[in-house]
Amino acid sequence: MDALVVGAGPAGLMAAEVISAAGHDVLVAEAKPSPARKFLMAGKSGLNLTKNEPMERFLDAYAPLHPTLRNALEAFGPQEVIAWAEGLGQDIFTGSSGRVFPKAMKASPLLRAWLARLEARGVTMRRNWRMVGLGNVTEFDTPEGPVCMQAKTVILALGGASWARLGSNGAWVDMVSPFAQIAPFTPSNVGLLLDWTPHMTRHFGRPVKGVKLTAGAFESRGEFVISKRGLEGGGIYAVTRGLREGATLTLDLLPDWDEEKVKQALIQRKTKETLTKFLKRALRLTPEKIALVMECAGPQPNDLMTALKALKITAAQLRPMDEAISTAGGVRFESLTERLESRIKPGLFFAGEMLDWDAPTGGYLLTACPATGRLAGQGALTKLS
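This one's a predicted model, so the numbers in the text were calculated from it and none came from an experiment.

(A) Representation of the sheet that holds strand β19 (residues 311-313). Read from one edge to the other, the open sheet built from 4 strands follows the order β15-β14-β18-β19, with strand pairing classed as antiparallel. Lying at the two open borders of the sheet, with one neighbouring strand each, are β15 (218-220) and β19. Each adjacent strand pair in this sheet contributes to an overall mean axis angle of 25 degrees, direction not counted. Judged from the 3 bridges that link them, strand β18 (residues 249-252) and β19 form a sheet pairing that is antiparallel. Within β19, the position partnered with Leu249 by the bridge is Ile313. Here helix α12 (residues 287-297) sits on the sheet and contacts β18 and β19; the angle it forms with β19, its principal contact strand, is near 70 degrees.

(B) Examining empty space enclosed by the protein more closely. Counted according to the given criterion, the structure contains 1 cavity of 30 Å³ or more. Quantified by volume, the largest cavity comes out at close to 50 Å³. Contributing to the lining of the largest cavity are Pro10, Phe39, Leu49, Val81, Trp84, Trp114, Leu366, Thr367 and Pro370. Elements that contribute at least two residues to the lining of the largest cavity include exactly α5 (78-87) and α14 (364-384). The element that contributes the greatest number of residues to the lining of the largest cavity is α14, accounting for 3 residues. The residue inventory of the lining of the largest cavity, partitioned by class, reads 8 nonpolar, 1 polar and no charged.

What counts, and at which threshold
- Residues numbered from 1 in each chain as written.
- Predicted model: local features only at pLDDT ≥ 70, side-chain atom pairs only at ≥ 80, totals over all residues.
- Heavy atoms only, no water.
- Pairing = 2+ DSSP bridges.
- Helix = DSSP H or I, 4+ residues; strand = E, 2+ residues; numbered from the N terminus.
- Axes fitted to C-alpha atoms, helices over the stretch in contact; angles between N-to-C directions.
- Contact = heavy atoms within 4.5 Å.
- 1 Å grid on protein atoms, 1.4 Å probe; cavity = no way out; pocket = protein on both sides within 12 Å on 5 of 7 lines; lining within 4 Å.
- Points joined across faces, edges and corners; volume = space filled by probe spheres on them.
- Nonpolar A, V, L, I, M, F, W, Y, C, P; charged D, E, K, R; others polar.

What follows is the structure in structure tokens.
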């Protein structure tokens, strides 16, 4: 066997595509009954393939960016993802925000076309094969009993440690740790837990738009949702890295107003006008924004300017790791070559979310998975040649 790929998500399938295209035999082992379950789930509300924007801005989303990941993304970035999807017969469009989607919106048509192309190239898929040992041979529990596989190259694309029900549970750490350094997993792209007072109940499920969120060095103009358990949505996910480092979430509820404009509005408040009526009339704040002011700064804030331009959301906690869309942590790039090969065990490669990198949602997560799968596949080809 030339190449054994463990994990049939976007990273593993891309590695299999690269190797099989060069004429080598490839077996893909997947622990679940069907491949790419997280990929399919990500496409349930619209498959955001990538983000079509200038390359340097695109790369900034991965900060701090390791040179190996930069190389992978520069070689297989937004334009390459679009061309690849179109090569699978998918019509693609770019939304007003730069996010790229297949016109079908769902992931299933693209995945079917991809699997059909791999099958046509002779790639073998084994389902319900769960890796239980890694060494001179790779051991699996299968429906037919224990199986040991020996291959010239092994590419692991086992995912991170979130969404365990879809297969990404980080259970591979003990098997991999003899061959690579591993950074502890932490949640990323995850909502916040907050204990609301009863007056917030009527706002559950409501979106909050037109806000700037800041947590440490990270900023976002994305929207978020007030939920029964706290806050969630793209705007929150984009600043998860700052929150994880201990920064407080700060909201600018009027990001398009400078402080002088807000000050002029504040001094025009009528003497007997309630704060709620004033915020709605003079500042055009939505009920959800007003509720957040009352909840986090009090019904009569001492410093209304700060409450509007730098509202602090204190006592918030990140939700558990299995509720996260992705995780930071995993196999450190420093323990791998520039082609993602283990420095300790030649012929063993790593790809996808099991590598130690982080990025927000919005197409960045999905792009990095096939990009690193492609790089690992090219590394395996070099080894095979």
